[in-house]
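# Topology and contacts: notes
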Amino acid sequence: MGSMVGASVVRKEDPALLTGRGTFVDDIRLSGTVHMVFVRSYTAHARILSIDTTGAARLPGVLGVWTNADLEGLPASRSVPGMQRPCLAKDTVHFVGEPVAVVVATDRYLAADAAEAVLVEYEDLPVMASIAAATAEGATPIMDGLPSNVVLEQQLSATDAEAELAAAPHRLAIALVNQRCAAVPMEPTVCLADWQSSGLTIWATSQTPHHMRNEIAQMFGLSQQEVRFVAPDVGGGFGAKASFYPEFLLTAELSRRLRRPVKYVETRSENMTSMVHGRAQEHDVEVGFDDEGHLLALRVRITQDCGGWPDSTGIGLPTLTSFMSGGCYKIPTIAPSFRSVVTNTTPVGSYRGAGRPEASYMIERVVDHVAAELGIDPLDVRRRNFVQPGEMPYATQFEGIVYDEADFPGALDKLLEHVDYEALRTEQAARREDPTAPLLGIGFSTFVEMGGFGPTPLFEQFGYVGGWESANVRLNVDGSAVIKVGTSPHGQGHQTAFAQIVADQLSVPFERITLIHGDTATVQEGIGTMGSRGVPVGGSAVFKAANKVRDKAIRIAAHMLEADESDIELADGRFSVRGAPDQGVDMAEVAVRAFKPHLLPDGFDLGLDETAFHEPTNLSYPSGAHCCVVEIDRDTGKVLIRRYVAVDDCGVVINPLMAKGQIHGGVAQGIAQALIEEVTYAENGQPGAGTLVDYTVPSAKDLPRYETDHLVTPTSFNPLGAKGLGESGATAAPQAVVNAVVDAMGHLGVRTIDMPCTPQKVWRVLNAALAAHENGS
Amino acid sequence: MSHHKVRITVNGTAGEDEVEARQLLVHYLRETRGLTGTHVGCDTSNCGACTVLLDGRTVKSCTVFTVTADGTDVLTVEGLDEHGEMSPVQQGFQACHGLQCGYCTPGMVMSATGLLLEQPDPDDDAIRDGIEGNLCRCTGYDMIVDSVRWAAAHGGAGTAATAHAEGKV
């Protein structure tokens, strides 16, 4: 049997999902289930004067209507102390879509009817729907008891870099916006709670079932054993399903009160205003550099729009942005600081990459600005500033942020093997001369991000018990194996990847390995799936557990074969004695023997069932180099992606097919951020992106083919050498695209454009530049 | 709200049910017929997760009232099965890694099946046109296009879908 790690195996999880036999939360049928529907605020900032539920309560099928006042004692979600969000708005509403009341009825149509009949009287308060409004002189504070809307402010360096910036031969100030985006998993939030006398079972769309179990148990004062949290098939998460949502608590509480299972199914319109949004950062950057483009000093002032309530994960994201602000460059002085501002908008939390794409966009746009300022090639600026392979692991100035093994220049070189850069520049020059030809732009992104999250001290800051992951591997007496793991996938293919790892370690056929995940009743310990921790952390735990089983199996085999353990070899599911291949026992025989104490060495612990934890001592740092080639239609401003080439270094690749899928998906979301997506609000806080009609997720017609390649620099930070890559595409792509768009218009003096580069925006920038160019020439 | 009797054949099985006038076909399939493969992803007919074949044509079942489907023949993702084997489209999606979380997948598979009924050998552009009404947030679509091309080369829409479509032509 050849090595399974590194093989493009098709996924074990696919047949069920392809035949409609997957189990998503809304597919679960419990008899007697009743349906919960929210009454949500239609205004962005207001005092609740009254809520009249009497009419609604009388409607057919209605079992009850509840407001905050009816739920006394129900705890609020964990957040910044003093800013915990109640399940239902108390006294004031902070954003459009905030739940103010909840209805339960026997049928979801009837529950929706009744929700319509709840009458809420509001007294409008001044709306702070943007950072500018919330921080303006005389702005109304949104949070009770706080004098301003700045809820957190931090400087992450000893210096503000003013002296270094002043001393640099060149100094440039750049303002960048990383616009608010929505995760839009195709399955919205759904949960089903069943509170029985024996305890609570809750099925919900979550990336972190164990964390949710712990939170819910604590909130209700239950033991962890009394709460069973199940995340079955989950239809995408992209970070947004890692947050704790009030509906989990509400369905549980109402199931307790009604003694029936309560289900909540979010509509897409609700999802667009109630699921956490991502990004939403503004960056004021100053960079100091010399004549050759060597970066000497960087000051980044980040302002995060954290929405109507600080989300416990969201509030930590500017710290990650700050840590990664140097990108893959050696910059002698980096001075990041941030402030988080509450606004009357949907709360902001993690979205694919969570804090790192913002940093990567910033530094990669800065590098292109420096190149443009000096009139030198953007690739030369990159090459002159790269941290070199010989300097790895590279300790950044931020404590604990140590880049693992990587080859930043090597990734760029490999990228250029796929891209004839010189030919593209020649074509670009020719097109600039031909007013009928679309403009051509070439954009690069050389990036590094964070994967393999933990470790525990970092995760504790987000309210988690730890940053480790747990795995249990059991060999059955028929020679098949079962893995239980604490990561809880939502499309990442853990069933397949982890079976590949175990197949190699135990020499058990891939087909005979099963994965159990996402259920706290069957997997006792775990943290969850986010921050590319599936393979690097979960996979490492699986690897360690499998090794423990293997070691134990070898002891049994040695005893059976009356040989020394060091002479036992395992291949093709069979243990044999080195040098005597005829003498052997197969895996199933060993597994059976594991339960026969009289035939084992004295004191042998029965069974082949081992648990292991993997605590990452450090994060891993996936990196790479991407190139985007765009064409801009001069008449419409429409940006067409002609080529997208991605070279990624995620360390050891477990399954190239799935790795490609992760890159494609991430790049697609990055391109979408660059060109299409933005959550907007009117001044009065009304969302401009409340459905998929006005928030345009790209379709197959909007996205290009992708070309991918890998550089493999194994990390020494975990036993698999894998860094993770779920977030790489979303981290790398936005700036590759925007750099290309700016590059296409660079000859006209265009230096900047804000995302998303919609046709209208590009057309305006292009025409303004053309007009200025003609006036100037 | 008025109630109406409907007769709808789903995956070859006839059914007679009384439904509320406002009930959407997707809810009829999921709740009344217990076929949860067809998913709901939006309220605006943009995402396509609820796509099924209705008398041989792809429709978004969240845009069809159950009462208007009276007398029709519906094929859902559960009906593509060919004697225990997945249809060519389903096999193509597995072979080419055309799915990740799998939520959009039944709708995507049904759209691809409908496309191959109309155009047995579509090029990449035609495939992208054909699945434009189905959103996928995981894959970036490239490998979905590959999946559909794989299916076109390995039996097309498949026997169950072809039989369903021919029954209505």
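Residues numbered from 1 in each chain as written. Chains lettered and ligands numbered in written order. Predicted model: local features only at pLDDT ≥ 70, side-chain atom pairs only at ≥ 80, totals over all residues. Heavy atoms only, no water.

## Details of the interface of chain A and chain B
Across the boundary between the two partners, chain A contributes 56 residues, which contact 49 residues of chain B. Between chain A and chain B lies a buried interface of about 4500 Å² when both sides are counted; carbon and sulfur atoms form 54% of it. Contact with chain B buries area across many residues of chain A, yet Leu18(A), Tyr109(A) and Met186(A) alone supply 18% of it, more than any other trio. Applying the counting rule to chain A against chain B returns 10 salt bridges. With a closest N to O distance of 3.6 Å, Arg29(A) and Glu31(B) form a salt bridge. (Contact = heavy atoms within 4.5 Å. Buried area = accessible area lost by both parts, 1.4 Å probe. Salt bridge = Lys/Arg side-chain N within 4 Å of Asp/Glu carboxyl O.)

## Digging into the nonpolar core
With 192 residues, the main nonpolar core has Phe248(A), Leu298(A), Tyr644(A), Ile671(A), Val741(A) and Phe93(B) as its most contacted residues. In contact with Leu298(A), not counting residues within four places along its chain, are Ala161(A), Val285(A), Glu286(A), Val287(A), Ser325(A), Ile331(A), Thr333(A), Ile334(A), Ala335(A), Met362(A), Ile363(A) and Val366(A). Membership of the second largest hydrophobic core comes to 49 residues, among which are Ala481(A), Val485(A), Phe575(A) and Leu608(A). (Core = buried A, V, L, I, M, F, W, Y, C linked by side-chain atoms within 4.5 Å. Buried < 20%, exposed > 50% of the residue type's maximum accessible area, 1.4 Å probe, protein only.)

## Details of the packing of helix H18 (residues 656-675) of chain A against helix H19 (residues 728-744) of chain A
All names here are of chain A. Contact pair H18 / H19: the axes reach a minimum separation of 7 Å and the direction vectors enclose 40 degrees. Classified by the angle their axes make, H18 and H19 are oblique. Once H18 is placed against H19, the crossing between them reads as right-handed. Taken together, the residues of H19 that come into contact with H18 (itself represented by Ile663, Gly666, Val667, Gly670, Ile671, Gln673, Ala674 and Leu675) are Gly729, Ala730, Ala733, Pro734, Val737 and Val738. (Axes fitted to C-alpha atoms, helices over the stretch in contact; angles between N-to-C directions. Helix = DSSP H or I, 4+ residues; strand = E, 2+ residues; numbered from the N terminus. Parallel < 35°, antiparallel > 145°, perpendicular 65-115°, else oblique. Left-handed = near helix turned anticlockwise from the far one by under 90°.)

## Considerations on the pairing of strand S21 (residues 513-517) of chain A
Residue and element names in this part refer to chain A. Burial along S21 is one-sided: Ile513, Leu515 and His517 are buried, while Thr514 and Ile516, pointing the other way, are not. The sheet contact formed by strand S20 (residues 481-485) and S21 spans 5 bridges and is parallel. Within S21, the residue paired with Ile483 across the bridge is Leu515. The parallel pair S20 and S21, bridged by helix H15 (residues 494-506), forms a crossover whose chirality is right-handed. (Pairing = 2+ DSSP bridges. Right-handed = clockwise from strand over helix to strand, strands pointing away.)

## Some details on the sheet that holds strand S2 (residues 46-52) of chain A
Residues and elements named next belong to chain A. Strands sit in the order S4-S2-S6 across an open sheet of 3 strands; the sheet is antiparallel. Whereas interior strands pair on both sides, the edge strands pair on one side only; in this sheet they are strand S4 (92-93) and strand S6 (119-124). Both S2 and S4 contribute to a ladder of 2 bridges, which runs antiparallel. Bridging from a neighbouring strand, Arg47 pairs with Thr92 of S4.

## Considerations on the side chain of Arg180(A)
All names here are of chain A. Within the element layout of this structure, Arg180 appears in strand S8 (residues 170-182). Residue classification places Arg180 among the buried positions, given a relative accessible area of 6%. Beyond its immediate stretch of four places on either side in the chain, Arg180 contacts His277, Gly278, Ala280, Asp305, Gly307, Thr343, Thr345, Thr346, Val348, Glu678, Val679 and Tyr681.

## Describing the sheet that holds strand S4 (residues 57-60) of chain B
All names here are of chain B. The sheet built from 5 strands is open, its strands ordered S2-S1-S5-S3-S4 with mixed pairing. Across the chains shown, the open sheet's two edge strands, defined by having one partner strand only, are strand S2 (13-20) and S4. Going from strand to strand, the sheet's axes swing by 40 degrees on average, the running direction of each strand aside. As paired strands, strand S3 (residues 51-54) and S4 are joined by 4 bridges and run antiparallel to one another. In the strand pairing of S4, Thr51 is matched with Lys60. Across the sheet, helix H3 (residues 105-118) lies against S3, S4 and strand S5 (73-75), angled at about 40 degrees from S3, the strand it touches most. Sheet contacts for helix H6 (residues 159-166): S3 and S5; angle to S5, the most-contacted strand, approximately 160 degrees.

## Things to note about the UniProt feature "domain: Aldehyde oxidase/xanthine dehydrogenase a/b hammerhead" (unreviewed entry) in chain A
The sites that carry the UniProt feature "domain: Aldehyde oxidase/xanthine dehydrogenase a/b hammerhead" (unreviewed entry) are, in the present numbering, residues 19-126 of chain A. Taken as a whole, residues 19-126 of chain A contains 12% helix and 32% strand, while its terminal C-alpha atoms sit 51 Å from one another. (UniProt positions renumbered as here; feature names shortened; annotations may be inferred.)

## Considerations on the pattern of salt bridges
When their charged atoms lie close together, side chains carrying opposite charge are able to pair. Applying the stated criterion to the full structure yields 50 salt bridges over all chains. Between Arg555(A) and Glu565(A) there is a salt bridge, with its nearest N and O atoms 3.8 Å apart. Note that Arg555(A) is positioned in helix H16 (residues 534-561) and Glu565(A) in the loop between H16 and strand S22 (568-571), a separation of 10 residues in sequence. In this structure, a network of salt bridges that share partners links the residues Asp26(A), Asp27(A), Arg29(A), Arg108(A), Lys263(A), Arg30(B) and Glu31(B).

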